[in-house]
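Reading the structure
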Amino acid sequence: MKLSTTTKSLDQVAKKYCRLIVTEDAPNVHRLVETKDGTLEYRLGAGKWKQMTPRKFRLFLRSIVQAAKSHQIEYLAIQIQWPLFPKLEKTYGLEWVYATVAENLLLAAYEFTAYKSKKTDKKQLKEILICGGLNKEAEAGFKRGQVVGHYTNLTRDIANTPGEDMTPNKLAAAAKKAVTGTKAKVTVLDHKKIKSLKMGLLDAVGKGASDKPRLIRIDYSGGMKSEQPIVLIGKGITYDTGGINLKPTGALHEMHMDMSGGAAVIGAIAAIAKLGLKKNVIALIPAAENSISDKAMRTGDILTSMSGKTVEVLNTDAEGRLVLADALTYTEKHLNPKAIVDCATLTGAALVALGQRANAVMTPNKKLQSDLERLGEESGDLTWPLPLWDEYKEGLTSSRADHTNMSGPADRLGGSVVAGAFLALFAPKNIPWAHIDIAPRMVSIPSDKLAKGAAGEPVRLLVKFVESH
């Protein structure tokens with residue numbers, strides 16, 4: 001779908017455009033009418049304008065696209081000068097308003113059809129035209145929103161792709177393709193290099209697959225050479241069987257999306273590079289397929305991490321924290337970061353804690369926690385904190401090694417926090433670091449007003465974080 005702008009007012013656009021008329025009716029009230037001159041008007045309720053919030057605003061924008069799709073409207077014109085804007089503009093600024101408009105129209109228009117053998121006979125939404133002209137601030141926001149929306153949808157494409165077509169090697173190729181045309185550069189550390197770096201955890205997780213692990217590194221230098229980089233780390237498990245501790249049947253069919261954290265940092269750094277932000281950013285994606293074979297990692301194995309710490313494997317399905325641990329050590333040894341944020345579909349326990357409405361954030365740094373929570377509200381990638389106390393590390397002590405990868409056979413109590421506590425054992429001590437468990441937001445839910453499948457989170461949050469840090 002194309003997003004366009006024009007200086008013409010809504011009543012001046014060509015008759016091929018259906019004109020959107022926003023009312024204060026309840027959000028579910030909508031009707032399509034034809035005027036005397038044959039022009040179509042779509043009247044859509046937004047609710048009471050005084051009660052408009054960022055969350056309601058995003059959903060309202062998405063409902064515009066949903067309505068257009070349901071009525072098979074091909075061309076839609078909108079005048080963005082509604083009374084609902086002043087409150088949001090006063091709080092967040094005009095640039096935020098127009099960025100939010102562009103982002104959410106694009107997110108709502110997205111559908112994953114790459115594997116559909118037959119195209120639909122329904123008319124598709126081809127264009128949304130923003131009328132009335134944009135001033136400099138609004139135009140900047142609109143362009144920013146288009147970039148972020150585009151790369152969030154690209155993230156969804158990568159995450160929605162089946163595991164056989166998104167192996168560690170193919171994920172590296174997808175990363176290269178994503179940053180094409182930007183100043184970001186991709187370096188892929190192959191299996192031989194991983195072994196030479198003594199990344200024993202990443203190596204072990206991918207041992208059972210024919211496509212061996214990769215460490216995908218993306219460098220973007222938008223700031224001064226002397227400036228320390230912000231490092232974004234994303235879990236890149238391209239398919240997760242659970243390993244020897246095989247997942248139950250009902251939990252397997254979406255495990256091609258266990259690399260959603262990796263896809264998100266690819267999308268985020270591509271957007272950051274495209275926007276030309278004046279920051280130095282490095283994305284790391286430890287990529288592996290957690291497969292089953294005679295070479296696969298076993299329960300009871302003792303692994304040596306890049307840090308030199310040893311880990312006893314109690315459960316092969318607790319593999320994401322292993323690859324992230326080696327990535328954290330690599331960051332500390334080689335990248336001299338000023339801040340680190342990792343994101344991963346790490347635990348089902350995070351869904352038990354939060355449902356599917358928000359990502360879980362864990363960090364020992366209270367300011368970083370507060371920043372991510374605030375920026376989550378601004379961006380739409382909502383986060384909510386869970387504790388990361390030293391007490392949660394107590395169950396990670398092994399009688400045979402330095403640590404275990406779980407606090408018990410199944411981490412039945414506080415599993416998401418225990419996983420965060422494991423990562424804290426490997427995170428640099430004097431550098432701000434946060435872990436975001438995005439398992440709750442791996443896929444969209446009906447109330448999101450988005451297509452089924454990958455939600456593309458937390459691309460918007462990561463871009464906001466880099467902008468503001």
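Just so it is clear, the structure is predicted and the values come from calculations on it, not from any experiment.

The next thing to look at is the sheet that holds strand β2 (residues 18–23). Sheet architecture is open: six strands sit in the order β1-β6-β5-β2-β4-β3, paired in mixed fashion. The open sheet has two free edges, formed respectively by β1 (2–5) and β3 (30–34), since each of these has just one partner strand. For this sheet, the mean inter-axis angle between neighbouring strands, taken without regard to orientation, is 25 degrees. Here five bridges tie β3 to strand β4 (residues 40–45), and the two strands are oriented antiparallel to one another. Its bridge partner lying in β4, R31 is registered against R43.

Another aspect to go through is the sheet that holds strand β13 (residues 310–312). On the basis of which strands lie adjacent, the open sheet formed by three strands has the order β12-β13-β17 and mixed pairing. Among the strands making up the open sheet, the edge pair consists of β12 (302–304) and β17 (403–404). The pairing of β12 with β13 spans three bridges and is classified as antiparallel. Paired with T304 across the strands is T310, a residue of β13.

The next subject is the state of the cysteines. Inspection of the entire model under this criterion finds zero disulfides. Lacking any disulfide linkage, C131 is separated from the closest cysteine sulfur, that of C18, by 12 Å. Accessibility expressed as a relative area gives 3% for C131, which makes it buried.

Rules used in this analysis
- Residues numbered from 1 in each chain as written.
- Predicted model: local features only at pLDDT ≥ 70, side-chain atom pairs only at ≥ 80, totals over all residues.
- Heavy atoms only, no water.
- Pairing = 2+ DSSP bridges.
- Helix = DSSP H or I, 4+ residues; strand = E, 2+ residues; numbered from the N terminus.
- Axes fitted to C-alpha atoms, helices over the stretch in contact; angles between N-to-C directions.
- Disulfide = S-S within 2.5 Å.
- Buried < 20%, exposed > 50% of the residue type's maximum accessible area, 1.4 Å probe, protein only.

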